[in-house]
Amino acid sequence: SRGAAPKLGRGMGSQSGMISIDLSPSVKSSYSASHSRALSILQNKNKKLEAEDPNNSHRKKGTASTPDRIQKVMKRVERSSTEDEGSPNQKPASKKQKLEDQSPKTVRVFGREMTQEELDKLRSTKSKNQHLVAEAELEATDRYFDAMEKKDEMESKMLSTFEMKTKAVTCHVCNYTAFKASEICKREQHRYKVIDAVKRFYHCKNCKKRVTCLTKIPKEACSQCGEANWVRAGMIAERKGPKLLADQLSVRGNEEKYLGGNVANSNIHI
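Residues numbered from 1 in each chain as written. Predicted model: local features only at pLDDT ≥ 70, side-chain atom pairs only at ≥ 80, totals over all residues. Heavy atoms only, no water.

### As for the pairing of strand E1 (residues 106-109)
Where E1 meets strand E2 (residues 112-115), four bridges bridge the pair, whose relative direction is antiparallel. Bridging from a neighbouring strand, Val 107 pairs with Met 114 of E2. A loop of two residues connects E1 with E2, the two strands running antiparallel in sequence, and Phe 110 in this loop sits at a positive phi of about 55°. (Pairing = 2+ DSSP bridges. Helix = DSSP H or I, 4+ residues; strand = E, 2+ residues; numbered from the N terminus.)

In structure tokens:
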């Protein structure tokens, strides 16, 4: 009836009253027969079938002590022992290394192959005309220094020359004497005369401006600074190099032009 209590497996026909919940696939009868036959053979030989550990299956691969494997291991041990006895500190050389050691190393130089020994010998050889190169270098050095000596001699001679003879033009109409006639004299065709004169060299003491004159002292003032303080000078100006720190006199030491400006190193000559 519908009001009866629920019961597991109601309505299923079973003589024993048990319900099978085995969900595994059905096993064939041939497999069970072969399995029983194998078990009977093992029992006759007094052996048991042990289950294999799946975690150690990868370790057992290739570790079986077969006669061939034992022989290979023995040969390897003998080979390593003989090599250690022959050269204990030297590693066994490979086949490629042995071939490289036997064949001499070659280097290609200007399209030609040669060994390292030949290359070293070629580097060490010198030309038979090496002395000619040294002589040519000495001659070039001598020519250079000879030219520099002549230049220094000419410079010193010109520095010591304060006056020299020259030709000048004098005009009695305009009453002047100069290095050349003026354009007015040429245009008006004055009768000017060429005379022998002496050209003298001076420089301004204040601004170092150089002038030349035909009189014993320049008559005009300096056109640059307006002073008339003239000093005898050489034919050319003296050549000066860069000033050293010792040449810059500073009585009060290092000074700055404005507050926070750059301070130049000066010498107080103490």
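### Description of a nonpolar patch on the surface
Together, Tyr 144, Phe 145 and Met 148 line one region of the surface with nonpolar side chains, adding up to about 310 Å² of accessible area. Along the polypeptide, Met 148 turns up in helix H6 (residues 130-159). By relative accessible area, Met 148 is classed as partly exposed at 32%. (Patch = residues over 30% accessible without salt bridge, like charges linked within 9 Å, V, L, I, M, F, W, Y side chains within 5 Å. Areas by Shrake-Rupley, 256 points an atom, 1.4 Å probe, with all protein chains shown as cover. Salt bridge = Lys/Arg side-chain N within 4 Å of Asp/Glu carboxyl O. Buried < 20%, exposed > 50% of the residue type's maximum accessible area, 1.4 Å probe, protein only.)

### A look at unusual backbone geometry
In this structure, Asn 175 is a non-glycine residue whose phi angle is positive, near 60°. Note on placement: Asn 175 falls in the loop between strand E3 (163-171) and strand E4 (176-178). Given the relative accessible area of 68%, Asn 175 is considered exposed. At Lys 208, a residue that is not glycine, the phi angle is positive and equals roughly 65°. Along the polypeptide, Lys 208 turns up in the loop between strand E5 (192-204) and strand E6 (210-213).

### A closer look at a positive patch on the surface
A cluster of basic residues, Arg 69, Lys 72, Lys 75, Arg 76 and Arg 79, forms a positive patch on the protein surface. By secondary structure assignment, the location of Arg 69 is in helix H3 (residues 67-86). Here Arg 69 falls in the partly exposed class, since its relative accessible area comes to 43%. (Lys, Arg positive; Asp, Glu negative; His and termini not counted. Charge placed at Lys NZ, Arg CZ, Asp CG, Glu CD.)

### Overview of the pairing of E5
Where E3 and E5 come together, nine bridges link them in antiparallel fashion. Paired with Cys 171 across the strands is Tyr 192, a residue of E5. Between the end of E5 and the start of E6, which pair antiparallel, lie five residues, with Lys 208 showing a positive phi angle near 65°. Summarising the sheet, E5 and strand E7 (residues 230-232) pair through three bridges and their orientation is antiparallel. Across the sheet, residue His 203 finds its bridge partner in E7, namely Val 231.

### Describing a negative patch on the surface
A cluster of acidic side chains, namely Glu 135, Glu 139, Asp 142, Asp 146, Glu 149, Asp 152 and Glu 153, defines a negative patch on the protein surface. Here Asp 146 lies in helix H6.

### A few points about the pattern of salt bridges
For the coordinates displayed, the defined rule picks out four salt bridges. With its nearest N and O atoms 3.4 Å apart, the salt bridge here joins Glu 163 to Arg 200. In this pair, Glu 163 is assigned in strand E3 and Arg 200 in strand E5, connecting sequence segments 37 residues apart. Within the structure, one salt-bridge network assembled from shared partners comprises Glu 163, Arg 200 and Arg 232.

### Topic: the packing of aromatic side chains
One pass over the structure, following the stated rule, counts one aromatic pair. Their ring planes at 75° and their centres at 5.3 Å tell us that Tyr 144 and Phe 145 sit as a pair that is edge-to-face. (Phe/Tyr/Trp six-rings, centres within 6.5 Å; stacked < 30°, edge-to-face > 60°.)

### Observations concerning the layout of surface pockets
Counted as a void, the largest pocket has a volume near 440 Å³. Along the walls of the largest pocket sit 17 residues, with Thr 177, Cys 213, Leu 214, Thr 215 and Glu 220 positioned nearest its centre. Listing elements by their share of the lining of the largest pocket, those giving two or more residues are E4 and E6. Of the residues contributing to the lining of the largest pocket, the split by class is 10 nonpolar, four polar and three charged. Of the voids in this model, the second largest pocket is the one considered here, and its volume is about 310 Å³. For the second largest pocket, the full set of lining residues is Leu 159, Phe 162, His 203, Lys 208, Arg 210, Arg 232, Ala 233, Gly 234, Ile 236, Ala 237, Glu 238 and Lys 240. (1 Å grid on protein atoms, 1.4 Å probe; cavity = no way out; pocket = protein on both sides within 12 Å on 5 of 7 lines; lining within 4 Å. Points joined across faces, edges and corners; volume = space filled by probe spheres on them. Nonpolar A, V, L, I, M, F, W, Y, C, P; charged D, E, K, R; others polar.)

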